[in-house]
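Commentary on secondary and tertiary structure
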Amino acid sequence: QLRRQARERREYLQRRAKEQQQQRQRERRESLKRALDENRLLPTELRHEALALQKELEFDFQAPGETGDSQDDEYRWAGLEPPKVMVTTSRDPSARLRLFAKELCLLLPGARRMNRGRAELGALVGACRAAGVTDLLVLHETRGRPDGLTVSHLPHGPTAHFTLSGAVLRQEVGGLGGAPLAAPHLLLLRLDSTLGKRVGTILKHLFPVPRPDSRRVVTFANEDDVILVRNHVYRRRGRTVELEEVGPRFQLRPYLIRLGTLEQGDAADVEWRWHPYTATAPKRRLLSAT
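Note that the coordinates shown come from a computational prediction; the quantities given were computed from them, not determined experimentally.

1. Re the nonpolar core
- Judged by nonpolar contacts, the single largest core of 37 residues is most densely connected at Val87, Leu137, Leu139, Ile227, Phe250 and Leu252.
- Among the elements that take part in this core, helix H3 (residues 95-107) stands out by supplying 6 residues, more than any other.
- Excluding anything up to four places from it in sequence, leucine 137 contacts Val85, Met86, Val87, Thr88, Leu104, Leu108, Leu149, Thr150, Val151 and Leu206.
- Core analysis: the second largest hydrophobic core is formed by 9 residues, Cys128, Val133, Leu154 and Leu262 among them.

2. Some remarks on the pattern of salt bridges
- Applying the stated criterion across every chain, the model contains 13 salt bridges.
- Close ionic contact of arginine 40 with glutamate 38 constitutes a salt bridge, the shortest N to O distance being 2.7 Å.
- Classification of arginine 40 as partly exposed rests on a relative accessible area of 41%.
- Between arginine 258 and aspartate 266 there is a salt bridge, with its nearest N and O atoms 3.0 Å apart.
- Linked by salt bridges that have partners in common, Glu74, Arg198 and Glu271 make up one network.

3. Here's the deal with the layout of surface pockets
- Estimates place the volume of the largest pocket at around 960 Å³.
- Contributing to the lining of the largest pocket are 38 residues, with Glu74, Trp77, Thr134, His153 and Leu154 lying nearest its centre.
- At the level of secondary structure, the elements contributing two or more residues to the lining of the largest pocket comprise helix H1 (2-37), helix H4 (121-130) and strand S6 (185-189).
- Residues belonging to the lining of the largest pocket are distributed by class as follows: 17 nonpolar, 10 polar and 11 charged.

4. As for the environment of threonine 261
- Along the polypeptide, threonine 261 turns up in the loop between strand S10 (249-258) and strand S11 (270-273).
- Spatially, the C-alpha atoms of threonine 261 and valine 125 are 8.2 Å apart, while their sequence positions differ by 136 residues.
- Setting aside its immediate chain neighbours within four residues, threonine 261 contacts Arg129, Ser152, His153, Leu154, Pro155, His156, Gly157 and Thr159.
- Polar contacts involving the side chain of threonine 261 include one to the side chain of glutamate 263, which spans 2.8 Å.

5. As for empty space enclosed by the protein
- The tally for this structure, following the rule as stated, stands at 1 cavity of 30 Å³ or more.
- Taken as a whole, the largest cavity encloses approximately 90 Å³ of empty space.
- In terms of lining residues, the largest cavity is bounded by Leu104, Leu107, Leu108, Leu137, Leu149, Leu203, Leu206, Phe207, Phe220, Val229, Phe250 and Leu252.
- Partitioning the lining of the largest cavity into residue classes produces 12 nonpolar, no polar and no charged.

Rules behind the numbers
- Residues numbered from 1 in each chain as written.
- Predicted model: local features only at pLDDT ≥ 70, side-chain atom pairs only at ≥ 80, totals over all residues.
- Heavy atoms only, no water.
- Core = buried A, V, L, I, M, F, W, Y, C linked by side-chain atoms within 4.5 Å.
- Buried < 20%, exposed > 50% of the residue type's maximum accessible area, 1.4 Å probe, protein only.
- Helix = DSSP H or I, 4+ residues; strand = E, 2+ residues; numbered from the N terminus.
- Contact = heavy atoms within 4.5 Å.
- Salt bridge = Lys/Arg side-chain N within 4 Å of Asp/Glu carboxyl O.
- 1 Å grid on protein atoms, 1.4 Å probe; cavity = no way out; pocket = protein on both sides within 12 Å on 5 of 7 lines; lining within 4 Å.
- Points joined across faces, edges and corners; volume = space filled by probe spheres on them.
- Nonpolar A, V, L, I, M, F, W, Y, C, P; charged D, E, K, R; others polar.
- Polar contact = N/O pair within 3.5 Å; in protein donor to acceptor, adjacent residues only side chain to side chain.

Below, the structure written as structure tokens:
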């Protein structure tokens, strides 16, 4: 089992390194093509290989609908089978955090909650791998208030860390019936930058593919780099549509994305990290293109 996991990890890293090399080569070809089309001087770093790149341009063909970037190689088979999500908490959770974890399982169809106990991260991730879990979610708190969410995609990553705020439980929303269990339609609003698409990919693959007649909608709306998470059901009344929020309600703000799994910690490569100095640019938006 350990040898197979090590082999799969090596193959994954080799595949990803090859993809990054192909991406860099593709960017050099595109830079050369722009310089030739605009009739300007070639970039200095491309002058020694300009002739070879120009020959490659003759055979450079991109199929319709192909993005040319396979950054999310971890999710290449996502959608073929429903995701298997496991939700757990930090050690010795409060009653409110346990209740929030239970409601998060209601938000994610098919998710299961596991008591953390005294399990170490390595044993926790190993047990999830053995059980075929695709995503491990860990909730954190400060003085009984949920304030952190970690999403680790198995078996190889990535792992995204979010600051969680404004958690409102279902009974606090008010006027609710039974919890809807159908797979929801997803709305990803204003997550159109490179980082926004990456975060949207991590979040949307926690949900299975919905049926066309599903009456449930989960929204991830970006406002000033804070992702608002809302859960609604809708009903048709003649020509009108009634929308009802069923909770839970909370906000997410990403601050770290690593290329490994949760137990690797600082040993995993950092794909993106929020730096405090970015707060000095009030007009800069990281998750949206505008």
